[in-house]
Amino acid sequence: MKIIDGKAHRYVKFLVYGCQMNVADAERMAGQLADIGYERLSDEAAMEEADLLIINTCAVRETAEDKVYGKIGEIKGLKRNNPQLIFGITGCMAQKESDSLIKRAPHIDFVLGTGKVHELNQVVQEIEQEHGHVVNTALDDKTAPAIAEDSRVAREGKLSAWIPIMYGCNNFCTYCIVPYVRGRERSRRPEDVVKEVEQAVAQGYKEVTLLGQNVNSYGKDHKLATFAELLQMVDKVPGIKRVRFMTSHPKDLSDEVIEAIATGEHLCEHIHLPVQYGSNHLLKAMNRVYTVESYKDLVKKIRAKLPHASLTTDLIVGFPGETEEDFAQMLDFLKEIRYDSAYTFIYSKRSGTPAATMDNQVDDAVKKERLNALMAVQNQISLEKNQALLDSVMEVMVEGPSKNDASVWTGHTRTNKIVLFNHQDEQPGDFIQVKITHPQTWVLKGIRV
Ligand code: SAM
Ligand code: SF4
């Protein structure tokens with residue numbers, strides 16, 4: 001707490017793990033907390049400055065959970081030095097582990113599940129007064145979350161806004177914990193999404209990313225609009241420059257969505273289309289409900305309609321039962337599809353999911369070996385895809401100085417590639433044309449034209 005001009009200011013710091021959905025959730029929590037007088041500290045601020053510390057957690061892989069447990073341990077000393085500090089856990093691990101977190105680490109004051117985020121202020125105020133523990137992780141699919149349309153959003157970025165359009169997941173991929181900790185799919189009303197985009201534009205945001213575990217099934221619950229229709233509505237918001245979305249499940253990316261991107265003015269030509277694996281044997285075991293063949297047909301369709309679009313994916317190696325034959329098929333598949341880039345993960349056993357109890361769990365050393373082989377193949381493809389952009393001129397949204405060199409600035413293309421260029425007089429939020437002169441695996445270097 002700080003006293004400024006005779007008035008007490010209290011501060012909240014968020015430690016956010018996991019995906020963009022968690023970043024967006026933290027922005028909503030920060031917006032709510034502003035109503036009871038908490039200002040959000042920046043990511044760079046020390047934890048010691050906080051009156052309220054919240055870890056918004058991820059449970060998708062064991063490594064993410066390990067990091068959180070490490071942080072929880074670190075915070076024990078802080079709490080000892082400052083007993084007034086309120087420390088809470090939110091997000092997927094809060095939902096999954098519930099009161100066992102407090103049993104393991106009694107210096108945690110509250111655990112709030114993914115369906116109870118809208119009760120955050122009430123919980124914090126209760127602890128301010130009573131100093132007890134609060135655990136609330138009930139997850140009622142009908143009412144949760146927390147589509148608290150009236151709550152404010154305290155955004156982190158200045159140019160790009162994360163806009164959740166739906167919560168939860170119905171897909172139950174056999175490796176994945178998300179449906180268990182986020183509940184069933186619930187879509188926001190189209191008018192609420194559009195209103196949030198309009199507000200973001202009014203605040204100066206140039207770009208929005210529409211978020212959901214499977215945006216293609218947007219609106220299947222309330223039937224007020226399909227995802228393609230929502231994209232068209234958002235595209236028409238006056239002043240919006242770029243519209244992105246993630247993630248698309250390949251099983252239901254519709255022709256209408258592809259058409260909307262092809263004809264939309266601001267809909268960016270980038271589709272993140274996680275395949276997870278490149279053999280039918282494993283796709284079936286993963287319950288992905290498409291085949292290698294149907295996925296390839298979909299990619300053909302996308303490329304026919306959107307020849308300049310970039311295509312990215314998520315891949316998991318070491319899923320139970322993965323054979324040498326499966327893995328060879330996976331590498332062939334990658335060489336055929338030629339993604340612009342891929343997020344590659346080692347399968348992580350999540351208790352409670354069907355895959356956790358499957359026979360033939362793959363040996364850790366084999367998993368690592370396969371991950372390296374997979375990354376080597378994909379990195380070469382990413383480099384070649386970027387090399388094909390040599391001498392092309394691309395529109396870049398200017399973001400600011402790069403991390404390592406303040407004279408080199410960075411931005412993204414519509415296809416979501418990172419571009420580096422020498423800074424002259426560009427300002428964040430400018431749209432410039434850059435000629436690509438040095439394409440590399442992860443970035444494109446170029447000069448402004
Ligand atoms: N809903 C999105 C989809 O279906 O593509 C992604 C959600 S998940 C948070 C992000 C990625 O994590 C998945 O695409 C998958 O590759 C990976 N993932 C999920 N569960 C995993 C597990 N148990 N082990 C390793 N990776 C996992
Ligand atoms: Fe997890 Fe599959 Fe749902 Fe994505 S679609 S969140 S991978 S269950």
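Residues numbered from 1 in each chain as written. Chains lettered and ligands numbered in written order. Predicted model: local features only at pLDDT ≥ 70, side-chain atom pairs only at ≥ 80, totals over all residues. Heavy atoms only, no water.

Participant: Any chance you could break down the pattern of salt bridges for me, citing the residues and the numbers?
Facilitator: In this structure the tally under the stated criterion is 32 salt bridges. Residue glutamate 74 pairs with lysine 71 through a salt bridge whose shortest N-O separation is 3.2 Å. Linking glutamate 74 with lysine 71, this pair stays in helix H2 (residues 62-81), spanning three residues, or about one helical turn. Residue class for glutamate 74 comes out partly exposed when judged on its relative accessible area of 46%. (Salt bridge = Lys/Arg side-chain N within 4 Å of Asp/Glu carboxyl O. Helix = DSSP H or I, 4+ residues; strand = E, 2+ residues; numbered from the N terminus. Buried < 20%, exposed > 50% of the residue type's maximum accessible area, 1.4 Å probe, protein only.)

Participant: Describe the sheet that holds strand S13 (residues 270-272), listing the residues and the values that go with them.
Facilitator: Within a sheet, each strand pairs with its neighbour through backbone hydrogen bonds, oriented either parallel or antiparallel. Taking strand neighbours across the sheet as the criterion, the three strands line up as S13-S14-S15 in an open arrangement whose pairing is parallel. Each end of this open sheet is capped by a strand with a single partner; those strands are S13 and strand S15 (341-346). Shown here is a sheet whose adjacent strand axes are inclined to one another by a mean of 15°, direction ignored. (Pairing = 2+ DSSP bridges. Axes fitted to C-alpha atoms, helices over the stretch in contact; angles between N-to-C directions.)

Participant: Just give me the short version of the domain arrangement of the chain, but keep the residues and values in it.
Facilitator: On domain assignment, one finds that the chain holds domain 1 (2-136), domain 2 (160-388) and domain 3 (392-448). Look at where the C-alpha atoms of domain 2 and domain 3 centre, and you get two points 25 Å apart. Taken together, the contact pairs 20 residues of domain 2 with 17 residues of domain 3. Both faces combined, the contact of domain 2 with domain 3 buries some 1500 Å², and carbon together with sulfur accounts for 49% of it. For the domain 2 face of the interface with domain 3, the top three residues by lost area are Lys206, Arg242 and Asn386, together amounting to 39%. Put simply, domain 2 and domain 3 have three salt bridges between them. As a salt-bridge pair, lysine 417 and aspartate 340 come within 2.7 Å of each other at their nearest N and O atoms. Viewed at the interface, domain 3 and domain 2 are joined by 13 residue pairs in polar contact (both at pLDDT 80 or more). When residues of the side of domain 2 that touches domain 3 are traced back to their parent elements, those giving at least two are strand S12 (242-246) and helix H13 (364-387). Of the residues contributing to the side of domain 2 that touches domain 3, the split by class is three nonpolar, nine polar and eight charged. (Domains from an automatic or database assignment. Contact = heavy atoms within 4.5 Å. Buried area = accessible area lost by both parts, 1.4 Å probe. Polar contact = N/O pair within 3.5 Å; in protein donor to acceptor, adjacent residues only side chain to side chain. Nonpolar A, V, L, I, M, F, W, Y, C, P; charged D, E, K, R; others polar.)

Participant: Could you give an account of empty space enclosed by the protein, with specific residues and numbers?
Facilitator: As enumerated under the stated definition, the model contains one cavity of 30 Å³ or more in all. Space inside the largest cavity adds up to approximately 30 Å³. If you trace the largest cavity, you find it lined by Asp25, Met29, Asn56, Gly91, Thr114, Val117 and Arg182. (1 Å grid on protein atoms, 1.4 Å probe; cavity = no way out; pocket = protein on both sides within 12 Å on 5 of 7 lines; lining within 4 Å. Points joined across faces, edges and corners; volume = space filled by probe spheres on them.)

Participant: If you had to explain the state of the cysteines to someone new, which residues and values would you point to?
Facilitator: Taken as a whole and assessed by the stated rule, the structure comprises zero disulfides. No disulfide involves cysteine 19; its sulfur sits 6.4 Å from that of cysteine 58, the nearest cysteine. Between cysteine 92, a cysteine without a disulfide, and cysteine 58, which holds the nearest cysteine sulfur, the sulfur-to-sulfur distance is 6.2 Å. (Disulfide = S-S within 2.5 Å.)

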